[in-house]
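Listed below are the residues making up each chain.
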Amino acid sequence: MKKGIDICYHNGSINFDKFKKAGYSFIIPRDGWGEDGVDPKLIEYVNNAKAAGVEVPGVYHFIYAANESQVIQNAKRAIENVKKAGLPETTVIWCDLEYDTVDNARDYRRTNLTPAMQKKFIEVFCDYILSQGYPTGAYVNQDYMSRVVGKDFGKKYDLWLADYEGGVEYQCLYRQTSGTGVVPGINSNVDTDEFYGQYTAGTAKPKTTNTGGTNMSKSPFSDVKTTDKKYDHIKACYDAGLIKGYSDGSFRPNDPITRADICIVLDRLMKKAGIIK
């Protein structure tokens, strides 16, 4: 078992040499939040941790969204933040959807998120991250395990479980053990975590380590396999709303495309880019 912490800019500056000497070996920083948030100390934390020999195995992204399209934008922002921080594709990008996500959707986005919607948002985020070749998983507490995602959720996605008392009640990759930890090198209370070993759910492994190098996300079309050479490009266009396929669920990737079809795609693209209304 390894000991570490999860952090954001609220934790201030960190002396990673003291942190490491005290027996802590990893950090999971927040990369950002919502569709465009970037944690102000992400790059500082990553660079200073690396310099001290402290691992950065993952980041967490706080979800603010009212629909699945906005969830996808959250996921895209997380990947952009990871790249800007110079982290590799083996970095686990954790989905962090909590009570504040629900409050934000209600108060500022005029949407009441039901437990079913919250579960779907987590799935959409994780599936998109996986489709881009990054490992992923969900940060949840015991209330979310029982009321929102269900006890079998860990069979599909790796879990980072907030569980502050007693033994571990659900199989998880990480366990957050406290929200008010006292750790050398940090002047504020901090979230402390334990790492229990290797990936527990196959879908959390990076695309590059899957058998045969296959993509483990679900294809949106019945006639496009995740192993197809052009799958990632087709899936990206589908996620962006540029293509929709046919009513029978097929895409027909080898059919000829007309000039009218091209105009439809370009129209959607220009509207998304704000070039036309």
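Residues numbered from 1 in each chain as written. Predicted model: local features only at pLDDT ≥ 70, side-chain atom pairs only at ≥ 80, totals over all residues. Heavy atoms only, no water.

Please provide a residue-by-residue account of the packing of helix α5 (residues 115-131) against helix α6 (residues 142-149), values included.
Direction vectors running N to C along α5 and α6 enclose 105°, while the axes themselves pass 9 Å from each other. By the angle between their directions, the pair α5 and α6 is classed as roughly perpendicular. Between α5, through Pro115, Gln118, Lys119 and Ile122, and α6, the contact on the second element is made entirely by Tyr144, Arg147, Val148 and Val149. Across the contact of α5 with α6, the residue classes tally to 5 nonpolar, 1 polar and 2 charged. (Axes fitted to C-alpha atoms, helices over the stretch in contact; angles between N-to-C directions. Helix = DSSP H or I, 4+ residues; strand = E, 2+ residues; numbered from the N terminus. Parallel < 35°, antiparallel > 145°, perpendicular 65-115°, else oblique. Contact = heavy atoms within 4.5 Å. Nonpolar A, V, L, I, M, F, W, Y, C, P; charged D, E, K, R; others polar.)

How would you summarise the pairing of strand β4 (residues 92-96) if you had to cite specific residues and measurements?
Of all 5 residues making up β4, 5 are buried, and the element is well covered by its neighbours. Along β4, one buried face is formed by Val92, Trp94 and Asp96 and the opposite face, lined by Ile93 and Cys95, is buried too. The pairing of strand β3 (residues 58-62) with β4 spans 5 bridges and is parallel. Across the sheet, Phe62 pairs through a bridge with Asp96, a residue of β4. Taking the sense of rotation as the criterion, the β-α-β connection linking β3, helix α3 (residues 68-84) and β4 turns out right-handed. (Buried < 20%, exposed > 50% of the residue type's maximum accessible area, 1.4 Å probe, protein only. Pairing = 2+ DSSP bridges. Right-handed = clockwise from strand over helix to strand, strands pointing away.)

I'd like a rundown of a nonpolar patch on the surface, residues and numbers included.
Taken together, the side chains of Ile257, Ile262, Leu266, Leu269, Met270, Ile275 and Ile276 define a hydrophobic patch exposed on the protein surface, amounting to about 610 Å² of accessible area. Considering the arrangement of structural elements, one finds Ile262 in helix α8 (residues 259-273). (Patch = residues over 30% accessible without salt bridge, like charges linked within 9 Å, V, L, I, M, F, W, Y side chains within 5 Å. Areas by Shrake-Rupley, 256 points an atom, 1.4 Å probe, with all protein chains shown as cover. Salt bridge = Lys/Arg side-chain N within 4 Å of Asp/Glu carboxyl O.)

Tell me about the environment of Gly154, residues and numbers included.
Tracing the backbone through its elements, the reader meets Gly154 in the loop between α6 and β6 (158-162). Residues Gly154 and Phe251 lie 97 residues apart in sequence; the distance between their C-alpha atoms is 32 Å.

So what's going on with the packing of aromatic side chains? Which residues, and what values?
If you walk through the whole model with that rule in mind, you get 14 aromatic pairs. Note on Tyr139 and Trp160: the rings are 4.9 Å apart at their centroids and 75° apart in plane angle, and the pair reads as edge-to-face. Of this pair, Tyr139 sits in strand β5 (residues 136-141) while Trp160 sits in strand β6, placing them 21 residues apart in sequence. An identical accessibility class is assigned to Tyr139 and Trp160; each is buried. Measuring from ring centre to ring centre gives 5.3 Å for Phe221 and Tyr238, while their planes differ by 75°; the resulting arrangement is edge-to-face. (Phe/Tyr/Trp six-rings, centres within 6.5 Å; stacked < 30°, edge-to-face > 60°.)

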